[in-house]
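Descriptive structure summary
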Amino acid sequence: MKTKKVCKQTSVKRRIGSALAACLLGTNLLCAQQMITLPQQEDAACRQWVEATLSRMNNKEKVGQMFVYTLSPKFDKDTKKKVQQLAKKYHVGGLLYSEGTVRDQANLTNLAQSKSEIPLLITFDGEWGLSMRLKDTPIFPKNSALGCVPDNQLIEDYGREVAREFREMGVQVNFAPTVDIATNHKNPVIHVRSYGEDPKLVTQKALAYSRGLEIGGVLSVVKHFPGHGDTSTDSHYVLPKVYNDRARLDSVELYPFNQAIKAGVSGVMVGHLQVPALEPDEVTPSSLSRPIVTGLLKEEMGFKGIVFSDAMAMKGVSGIPNATVKALKAGIDMVLVRNDVEALRDEVLAAMESGELTKEEVDAKCRKILTYKYLLGLNIHPQIDVKGLEERINTPAAHELTQKLRFSAVTVLGNYFHTLPLAANERMAILSLGEPAADKPFIDRFNSMATATHFQVSKEHTPAECEELAAKLRDYKRVVVSVTLKDWDAKNYAGFLDSLNLTMPVVYTVFTSYRAMFPLENVLQKASAVVLAHTQEADLQERVADVLFAKAEARGKLPFNLDWVFRIGAGSEVKPGMTAGLQPEDVGMKGYLLHRIDSLARAGLSAGAYPGCQLLVLKGGQTLYNQCYGTYSDKDLRPVTAVSIYDVGGVTKSAATTLAVMKLYDEGRLKLTDTAAQYLPWLRNTDKKNITIRELLLNESGLLPHIRFFREAIDDGTVTGPFTQGFVDEWHYTRMGQYTYACSDFKFKKGLFTTAKDATHTLHVGDDMWLASSFKENIQRSIATSETRVKRFVVSDLDYIVLQQVVEAIAQKPMNEFLATELYTPMGLTHTLFLPLDRYTKSDVVPTAANDYLRRQDMCGYVLDEAASFLGGVAGNAGLFSTAEEVGAIFQLLLNGGEWKGKRYLSEATCRLFTTEKSATGHYGLGFDKPNRVDPKASYCAESAPDTTFGEVGNTGSCAWADPSTGIVYVFLSNRACPNVWNATLTDMKLARKIQDIICQSAQ
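The shown structure was predicted, so the numbers you read here are calculated from the model rather than taken from an experiment.

A few words on the overall build of the protein chain. Each helix and strand in the protein chain was counted, giving 34 helices and 29 strands. Dimensions of the protein chain along its principal axes, counting C-alpha atoms only, are 115 × 75 × 50 Å. Put simply, the protein chain has 1004 residues, and 60% of those count as buried. Here the analysis covers contacts within the protein chain between residues at least 6 apart in sequence; of these, 72% occur between residues at least 24 apart. Here the protein chain displays about 38,400 Å² of accessible surface, and carbon together with sulfur accounts for 50% of that area. Positive and negative side-chain charges in the protein chain, numbering 114 and 114 respectively, have mean positions lying 4 Å apart.

Rendered as structure tokens:
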């Protein structure tokens, strides 16, 4: 017998392997087109068995085949009698067992199969395997945990193992996976049964599980069609309503069903739902709706497999007269029944006699059911070998897989500033929320690697006890909160945790469902890291302790949105050997505030403020925050890295021009009272001859804010009308600003440009664009002859262009060479330079703008600012390219009083003078912008920034600020003008200021 049984099971698997798994063997189910379970046209043996069996059946037997009866698997006298009656008298097509034991269910199945003329489909509601219903079987994680597992192959392996266990139990059908999208966090019935909130992620996980099941020889049934995720009531008790419109249903709820059908999944279970967008009659549940089951599922979506109803005893449908008949008329193939099966059978027979259900319809359903039975090996009566069954199910390999899945689902959220791994030598405390000793394995493992003081929180905590505990915890450098509560019991502790007001890094380890995190939202947003473990098995608790110290890896990704604290896809990877980062609290800052920077930076990406950015925060010279976001551009999807080079725009004034002036001042080669005309002959016989270096640095020279030097290069004879105007016409259709359009067909004056560098054309303006060297003289002449206004504070690019000319006159070399020789190269700043394409390729430089109106090409590696461009890319107001790390190094040099890595570059007195002096009429200092206290809303600096703050902003979407009173350096680099130079989203959002405000608040 044993030999026959093994051979039979092997042949069944081979049979289903060729028919069921034809489309599932590939790595991507979404590519599958062929149905996986229906017999091939040439399968004469299948057709012969089905037709021969059908021809011997009377109407009662045919009706019975459409019933799956649910019963409790107790191998007692009454149940055995019931099973024999179901098999012999009512000829039910299948059985579904509720909770029980392995041995009892196996014995009942053997009895049922031996008494049934046509073998029964043994079905199982095993969303997470046998353990969902049967005791003492391998306990696999629930779907919400599996949604965190990054490896879909592991999910498929899990499906295969579940199928193996099911076949041992004589089960052919699994009512799984659940493909409901968990968009409603108040859903009382789906929650942990869903893989997540993203339709594509849910589909990937569900199809991987289905693939494993069907390759293993078990029919997979996706549920609950047309989607039970966005409901707030339970169909076991009432009829839930889904009010989403058709477009939303197609993109969310129906998406995984559509993909599963394309992949060839075998079964679909229809839920009891009220969906007005699909069924106009609002009192008709989806399971009884012909427009939904036949019209949508079978005809529109093309499902050819077997359609099951959800349990007909559920309150959402049980009170409807003739519900079973209505379900079959709607298109259901097999109904899940539990009550008086004889009465239900008679209702269906009456419907056949009246013509309400036609013989053709019933025969078609029976033919389909028999076909699946044949494919699943039920053309012969199966028997389970009960001896040693428990051992064959509970194999070491099965339990090893359950552990692997649990470990793979561990998800580290936040981990801001690399709080994890913890340092074993820190003074730490563990705060336990839950039953005493529930987290003992975690604590024991933790204490084997470090020493921690343990505190157990009582359910009946008083305000006095809270304050006493808070006082004790303040003595520790790190606090780990261990949560072993039951889901929503966590709400009873939310106020208590919030009242502790802990100021050190706090790590939460959640040994329960993700649902426990919702009531803890306020405290979790202040956490430095959260480790979501989902359950609290002893080996899992030990694993989490190992993750905290980077003795084990964690790679899980969150499949849900946890309100606005953590989003889908969140998950920080922990690898063995990692080391802890500097914590804000260790340098007197509030980490729970500082980590909000991340959400702001991502909000900028989502809003289109920039395609990518770099963000750096230093405190006392130590890196607190150094993150890159987004991509190079909307077309170049390479991720931004720490060495991606940005056009820093106006930050050039501080990080280059002012720095060069400071160096010359420090060496005594220049005084602030010197006039620019002393070094620039072209200013001597003009009304600008008395402008001093100090006035230029303070933006108090009286020079114009800017001049369009490039207009002298344009042939006016080729310009129709004004060069720019505020509307589009046939001559002006090139957009250059939010409300500005440039002449589209202009030409440059002959002889000014060549396509290759030569002796007289040395200014590199763009690709194949070399400007005559003599054009610099035009710029100097334009400045010399320009209007001179009253000497008061007006931010002026011309001031810094003149300062550049002064630097070059004194240094007797271009400013870029002077800075490289005296500062950048000795400091080790390899990515800070003018003319970056002289050293790097375009692939190293982040694009600044697309289709520049002046140069008529994409700007990458060439300065965006027109004045700086027509000076050859080296100018006092713009032209510097750098990274956030290296701009940060320059500003840290200034905070260090002129020292960098043990070497002095500037005197402390010079640094103090230039960074502290301020204009009497404006908010500028000696080469640095400062907080605008007269008009704070117009300030580029956050209102919360101390008066001692200095820095600069750039039109390309960059800024750099430093504050000697707090020792903080903040750098933000982006390419907000890519692709459109008129993109003002970054400014409108005041994003850089908001980030700076968070930094300043964190330091208070």
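After that view of the structure, there is still more to cover.
Okay, the pairing of strand 22 (residues 761–766) next. Pairing analysis gives 4 bridges linking strand 22 to strand 23 (residues 769–772), with the strands arranged antiparallel. Residue pairing for strand 23: His-764 is matched across the bridge by Trp-770. Hairpin geometry of strand 22 and strand 23 is characterised by an intervening segment of 2 residues between the two adjacent antiparallel strands and by a positive phi of about 55° at Asp-768.

A few words now on unusual backbone geometry. Cis geometry marks the peptide bond from Ala-176 to Pro-177; its omega dihedral reads 10°. Note that the residue after Lys-223, namely His-224, is joined by a cis bond; omega there is 0°. For His-224, the position within the fold is in strand 5 (residues 219–225). Backbone geometry at Asp-768 places phi at a positive 55°, although glycine is not the residue there. You can see Asp-768 is positioned in the loop between strand 22 and strand 23. Of note in this structure, Lys-990 is not a glycine but carries a positive phi near 50°. Note that Lys-990 resides in the loop between helix 33 (985–989) and helix 34 (991–1003).

A full pass over the atoms with the stated rule returns 48 salt bridges. Notably, a salt bridge pairs Lys-223 with Glu-127, separated by 2.8 Å at the nearest N-O pair. Taken as a pair, Lys-223 in strand 5 and Glu-127 in the loop between strand 3 (121–124) and helix 6 (143–146) lie far apart in primary sequence, 96 residues in all. Residue Lys-223 shares its accessibility class with Glu-127, and that shared class is buried. In this structure, a network of salt bridges that share partners links the residues Asp-125, Glu-127, Arg-133, Arg-193 and Lys-223.

A few words now on the packing of helix 4 (residues 77–88) against helix 5 (residues 102–115). As a packed pair, helix 4 and helix 5 sit with axes 8 Å apart at the nearest point and diverge in direction by 30°. As helix 4 packs across helix 5, the resulting crossing turns out to be right-handed. Side by side, helix 4 and helix 5 meet where Thr-79, Lys-80, Val-83, Gln-84, Ala-87 and Lys-88 of the first sit next to Leu-108, Leu-111, Ala-112 and Lys-115 of the second. For the contact of helix 4 with helix 5, the class distribution of residues is 5 nonpolar, 2 polar and 3 charged.

Within a sheet, each strand pairs with its neighbour through backbone hydrogen bonds, oriented either parallel or antiparallel. Strand order in the open sheet formed by 3 strands is 21-23-22, and the pairing between neighbours is antiparallel. The sheet is open, and its two borders are formed by strand 21 (753–754) and strand 22, each paired with just one other strand. As paired elements, strand 21 and strand 23 share 2 bridges and run antiparallel to each other. What sits directly across from Thr-754, in strand 23, is Trp-770.

Following both chains from N to C, one finds helix 25 (residues 652–666) and helix 29 (residues 815–827) inclined at 70°, their axes separated by 10 Å at the closest point. For the element pair helix 25 / helix 29, the angle class is roughly perpendicular. Judged by the sense of rotation from one axis to the other, the crossing of helix 25 with helix 29 is left-handed. Contacts between helix 25 and helix 29 involve Ala-655, Ala-656, Thr-657, Leu-659, Ala-660, Lys-663 and Leu-664 on the former and, on the latter, Met-815, Phe-818, Leu-819, Glu-822, Leu-823 and Tyr-824. Of the residues assigned to the contact of helix 25 with helix 29, the class counts are 10 nonpolar, 1 polar and 2 charged.

Turning our attention to the nonpolar core. In this structure, Phe-67, Val-92, Leu-95, Tyr-158, Phe-225 and Phe-308 are the most contacted members of the largest nonpolar core, which totals 121 residues. With sequence-adjacent residues up to four places away left out, Phe-308 is seen in contact with Val-68, Val-173, Phe-175, Leu-219, Val-221, Val-268, Met-269, Val-270, Ile-332, Met-334 and Leu-336. Formed by 107 residues, the second largest nonpolar core is a distinct cluster that contains Ala-784, Phe-793, Val-807 and Cys-911.

This brings us to the side chain of Asn-184. Assignment of secondary structure puts Asn-184 in the loop between strand 4 (173–174) and helix 8 (199–215). The residues touching Asn-184, leaving out its near neighbours within four places in the chain, are Gly-229, Asp-230, Thr-231 and Ser-232.

This part covers the side chain of Asp-385. Residue position: Asp-385 is located in the loop between helix 15 (359–375) and helix 16 (389–393). No salt bridge is formed by the buried Asp-385, whose closest oppositely charged neighbour, Arg-392, lies at an N-O distance of 4.3 Å. Separated by 3.3 Å, the side chain of Asp-385 and the backbone nitrogen of Lys-387 make a polar contact.

This brings us to helix 2 (residues 44–55). Between its terminal C-alpha atoms helix 2 stretches 16 Å, which fits the 16 Å expected from 12 residues at 1.5 Å a residue. Among all positions of helix 2, only Cys-46, Trp-49, Val-50, Thr-53 and Leu-54 are buried. For helix 2, the angular spread of buried residues about the axis comes to 120°, placing them on one side. Residues of helix 2 that are exposed and point over 90 degrees away from its buried face: Gln-48 and Ser-55. Packing partners of the buried residues in helix 2 comprise helix 3 (59–65) and helix 15.

Below, the discussion takes up the sheet that holds strand 4. In spatial order, the strands read 1-2-3-4-5-6-7-8; together these 8 strands close into a barrel with parallel pairing. Note that strand 2 (residues 94–97) and strand 3 share 3 bridges and pair parallel. When the sheet's bridge partners are listed, Gly-94 is paired in strand 3 with Leu-121.

On to helix 11 (residues 290–300), then. Among the residues of helix 11, those classed as buried are Ile-292, Val-293, Thr-294, Leu-296, Leu-297 and Lys-298. The N-terminus of helix 11 is capped by Ser-289, whose side-chain oxygen sits 3.2 Å from the backbone nitrogen of Ile-292. Directly after helix 11, the chain includes Gly-302, whose backbone phi takes a positive value near 80°.

Okay, the packing of aromatic side chains next. The geometry of an aromatic ring pair is captured by two quantities: the separation of the ring centres and the angle between the planes. Scanning the model with the defined rule gives 27 aromatic pairs in all. Where Phe-455 meets Tyr-476, the ring centres are 6.1 Å apart and the plane angle is 80°; that geometry is what we call edge-to-face. Here Tyr-476 lies in the loop between helix 19 (463–473) and strand 12 (478–483) and Phe-455 lies in strand 11 (residues 452–456), a separation of 21 residues in the sequence. Owing to a relative accessible area of 8%, Tyr-476 belongs among the buried residues under this scheme. Judged by centre distance (6.2 Å) and plane angle (75°), the rings of Phe-710 and Tyr-853 are edge-to-face.

A few words on the environment of Leu-357. When you line up the elements, Leu-357 lands in the loop between helix 14 (341–354) and helix 15. The spacing of Leu-357 and Pro-396 is 39 residues in sequence and 51 Å in space, taken between C-alpha atoms. Here Leu-357 is in contact with Leu-328, Lys-329, Val-348, Ala-351 and Met-352, once residues within four sequence places are set aside.

Thresholds, definitions, all that
Residues numbered from 1 in each chain as written. Predicted model: local features only at pLDDT ≥ 70, side-chain atom pairs only at ≥ 80, totals over all residues. Heavy atoms only, no water. Helix = DSSP H or I, 4+ residues; strand = E, 2+ residues; numbered from the N terminus. Buried < 20%, exposed > 50% of the residue type's maximum accessible area, 1.4 Å probe, protein only. Contact = heavy atoms within 4.5 Å. Areas by Shrake-Rupley, 256 points an atom, 1.4 Å probe, with all protein chains shown as cover. Lys, Arg positive; Asp, Glu negative; His and termini not counted. Charge placed at Lys NZ, Arg CZ, Asp CG, Glu CD. Pairing = 2+ DSSP bridges. Salt bridge = Lys/Arg side-chain N within 4 Å of Asp/Glu carboxyl O. Axes fitted to C-alpha atoms, helices over the stretch in contact; angles between N-to-C directions. Left-handed = near helix turned anticlockwise from the far one by under 90°. Nonpolar A, V, L, I, M, F, W, Y, C, P; charged D, E, K, R; others polar. Parallel < 35°, antiparallel > 145°, perpendicular 65-115°, else oblique. Core = buried A, V, L, I, M, F, W, Y, C linked by side-chain atoms within 4.5 Å. Polar contact = N/O pair within 3.5 Å; in protein donor to acceptor, adjacent residues only side chain to side chain. Expected span 1.5 Å × (residues − 1). Arc of directions from axis to C-beta. Phe/Tyr/Trp six-rings, centres within 6.5 Å; stacked < 30°, edge-to-face > 60°.

So, to be careful, I would describe these as geometric facts and stop short of saying anything about function.
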